[in-house]
Amino acid sequence: MELVNLLLIAFLALLLRKLGWCLLWLWRYYHNEPTPEPISFLPRRTGETFDRHVDQTGRGKEE
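Keep in mind it's a predicted model, so treat the numbers as computed, not measured. (Residues numbered from 1 in each chain as written. Predicted model: local features only at pLDDT ≥ 70, side-chain atom pairs only at ≥ 80, totals over all residues. Heavy atoms only, no water.)

Looking at this model, I keep getting lost on helix H1 (residues 2-30). Mind explaining?
Structurally, the α-helix is built with 3.6 residues per turn, so residues lying three or four positions apart point the same way. Across its 29 residues, H1 extends 42 Å between first and last C-alpha, which sits within 8% of the 42 Å expected from 1.5 Å per residue. Those residues of H1 that fall on the buried side of the exposure criterion are Leu14, Trp21 and Trp25. Just downstream of H1, Asn32 is the residue with a positive phi angle, here 55°. (Helix = DSSP H or I, 4+ residues; strand = E, 2+ residues; numbered from the N terminus. Expected span 1.5 Å × (residues − 1). Buried < 20%, exposed > 50% of the residue type's maximum accessible area, 1.4 Å probe, protein only.)

Written out as structure tokens, the structure reads:
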């Protein structure tokens with residue numbers, strides 16, 4: 001039972017980290033400030049998936 005509690009606490013910490021980043025990104029986006037670098041749910045991964053998603057919508061293209 002203690003192991004389950006530790007895993008849930010770790011999962012919650014990762015969710016809070018991502019939520020904090022999302023709120024910061026939205027704040028900067030709506031105030032026309034440079035947005036922070038993307039982060040993934042897991043700390044050791046990169047934000048390349050997010051970058052590709054933004055490029056697909058056409059917002060990352062400069063003409």
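Which parts of the structure should I look at to understand the packing of aromatic side chains?
Here the distance between the centres and the angle between the planes together describe a pair of aromatic rings. As enumerated under the stated definition, the model contains two aromatic pairs in all. When the ring of Trp25 is compared with that of Tyr29, the centres are 5.1 Å apart and the planes differ by 10°; the resulting orientation is stacked. With Trp25 and Tyr29 both in helix H1 and four residues apart, this pair spans about one turn of that helix. Given a relative accessible area of 15%, Trp25 falls into the buried group. Look at Tyr29 and you get partly exposed, because its relative accessible area is 36%. Considering the side-chain rings of Tyr29 and Tyr30, the 5.3 Å spacing of their centres and the 80° angle between planes classify their relative orientation as edge-to-face. For Tyr30, a relative accessible area of 62% gives the class exposed. Every member of this aromatic cluster is reached through a ring pair, and the members are Trp25, Tyr29 and Tyr30. (Phe/Tyr/Trp six-rings, centres within 6.5 Å; stacked < 30°, edge-to-face > 60°.)

Looking at this structure, how should I read unusual backbone geometry?
Most of the time, phi is negative for any residue but glycine, and the peptide bond is trans. Within the chain, Asn32 stands out as a residue other than glycine whose phi angle is a positive 55°. Mapped onto the elements of the fold, Asn32 is located in the loop between H1 and helix H2 (48-56). Relative accessible area serves as the criterion here: at 73%, Asn32 is assigned to the exposed category.

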